[in-house]
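Residue strings, one per chain:
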Amino acid sequence: QVQLVESGGGLVQPGGSLRLSCAASGSILSLGAMRWYRQPPGNEREMVAGISSGGVTDYADSVKGRFTISRDNAKKTVYLAMNSLKPEDTGLYYCNVNARTTWERVEAYWGQGTQVTVSS
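As a convention, each chain's residues are numbered from 1 in the sequence order in which they are written. Only residues with pLDDT of 70 or above have their local features reported here, since the model is predicted, and side-chain atom pairs are shown and tallied only from 80 upward, although totals for entire chains, interfaces and linings are computed over all residues. Only hydrogens and water are set aside when side-chain values are computed; all heavy atoms of the structure are taken into account.

With respect to the overall build of the protein chain
Okay, so step 1: Per the secondary structure count, the protein chain includes zero helices and eleven strands.
Okay, so step 2: Only DSSP runs of H or I reaching four residues or more are called helices, and only runs of E reaching two or more are called strands; each is numbered from the N terminus. The helix and strand sequence of the protein chain, counted from the amino end, reads β-β-β-β-β-β-β-β-β-β-β.
Okay, so step 3: Against the globule reference of 14 Å for 120 residues, the protein chain gives a C-alpha radius of gyration of 14 Å, in line with a compact fold.
Okay, so step 4: Residue exposure (1.4 Å probe, protein chains only): buried if accessible area is under 20% of the type maximum, exposed if over 50%, otherwise partly exposed. Evaluated residue by residue, the protein chain yields a buried proportion of 42% over its 120 residues. In this treatment the radius of gyration is a C-alpha quantity, and the globule benchmark scales as 2.2 Å times the residue count to the 0.38 power.

Topic: the pairing of strand β10 (residues 105-110)
Okay, so step 1: For two strands to count as paired, DSSP must find a minimum of two bridges between them. Of the strand pairs in this sheet, strand β9 (residues 91-102) and β10 are connected by six bridges, and their pairing is antiparallel. Looking across to β10, one finds that Arg-100 is bridged to Val-106.
Okay, so step 2: Count of turn residues in the β9/β10 antiparallel hairpin: two residues.

Structural notes on the nonpolar core
Okay, so step 1: In terms of nonpolar packing, the biggest core is built from 30 residues, with Trp-36, Leu-80, Met-82 and Tyr-93 touching the most fellow members.
Okay, so step 2: Elements represented by at least two residues in this core include exactly β1 (2-7), β3 (18-26), β4 (30-39), β5 (46-51), β7 (67-72), β8 (77-82), β9 and β11 (114-118). To qualify as a nonpolar core, a set must consist of buried Ala, Val, Leu, Ile, Met, Phe, Trp, Tyr and Cys residues joined through side-chain atoms within 4.5 Å.

What about the pattern of salt bridges?
Okay, so step 1: Each reported salt bridge corresponds to a side-chain nitrogen of Lys or Arg within 4 Å of a carboxyl oxygen of Asp or Glu. Overall, the coordinates contain five salt bridges when judged by the stated rule.
Okay, so step 2: Residue Arg-38 pairs with Glu-46 through a salt bridge whose shortest N-O separation is 2.7 Å.
Okay, so step 3: In this structure, Lys-64 and Asp-61 form a salt bridge, with 3.1 Å as the shortest nitrogen-oxygen distance. Note on accessibility: Lys-64 and Asp-61 belong to one class, exposed.
Okay, so step 4: The network of salt bridges with shared partners includes Arg-38, Glu-46, Arg-66 and Asp-89.

A closer look at the environment of Leu-11
Okay, so step 1: Structurally, Leu-11 is set in strand β2 (residues 10-12).
Okay, so step 2: Along the sequence, Leu-11 and Ser-120 sit 109 residues apart, while their C-alpha atoms lie 9.2 Å from each other.
Okay, so step 3: Any two residues whose heavy atoms approach within 4.5 Å at even a single point are treated as in contact. Setting aside its immediate chain neighbours within four residues, Leu-11 contacts Thr-117 and Ser-119.

What about the packing of aromatic side chains?
Okay, so step 1: When two rings of Phe, Tyr or Trp (its six-membered ring) have centres within 6.5 Å they constitute a pair, described as stacked for plane angles under 30 degrees, edge-to-face for angles over 60, and tilted for the intermediate range. This structure, assessed with the given rule, holds two aromatic pairs.
Okay, so step 2: Summarising the aromatic geometry, the rings of Tyr-37 and Trp-110 are spaced 4.9 Å apart at their centres and angled 55° between planes, so their arrangement reads as tilted. Here Tyr-37, found in strand β4, pairs with Trp-110, found in strand β10; they are 73 residues apart in sequence, far enough to count as distant.
Okay, so step 3: A relative accessible area of 19% means that Tyr-37 is categorised as buried.
Okay, so step 4: Residue classification places Trp-110 among the partly exposed positions, given a relative accessible area of 39%.

Re the state of the cysteines
Linking two cysteines covalently through their sulfur atoms gives a disulfide.
Okay, so step 1: For this text, the term disulfide refers to a pair of cysteine sulfurs within 2.5 Å. Here the structure, examined in full by the defined rule, presents one disulfide.
Okay, so step 2: The partner cysteine of Cys-22 in its disulfide is Cys-95, sulfur to sulfur 1.9 Å. Between Cys-22 and Cys-95, the S-S dihedral sits near 40°, and the bridge is therefore right-handed. Here Cys-22, found in strand β3, pairs with Cys-95, found in strand β9; they are 73 residues apart in sequence, far enough to count as distant. Summarising the burial analysis for this pair, Cys-22 and Cys-95 share the class buried.

Shown next as structure tokens:
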């Protein structure tokens, strides 16, 4: 089994910054793509940013230039640095990780979510 633990959420004023972390643990042979999603109040979950095992990144248009995704493979951790935060960035942020747990098995796992609230 794989566990994902997110941290770093909180309340911040517009224009502020936060850094989210998501640490993976368990029986992991290797990690593939790692992604951050968010679910704004009353809306569906949407992908915010992703990073491949090789370090190629992808972002939603709404966060390009403001958010940066990175990973530390040794620590099995993915980060999301969020700058110039806006009220519309408010939501529950989840990490999603592809993990190989056996030579035949690759599955996607979800964290429990961390709340980000941008408000004055």
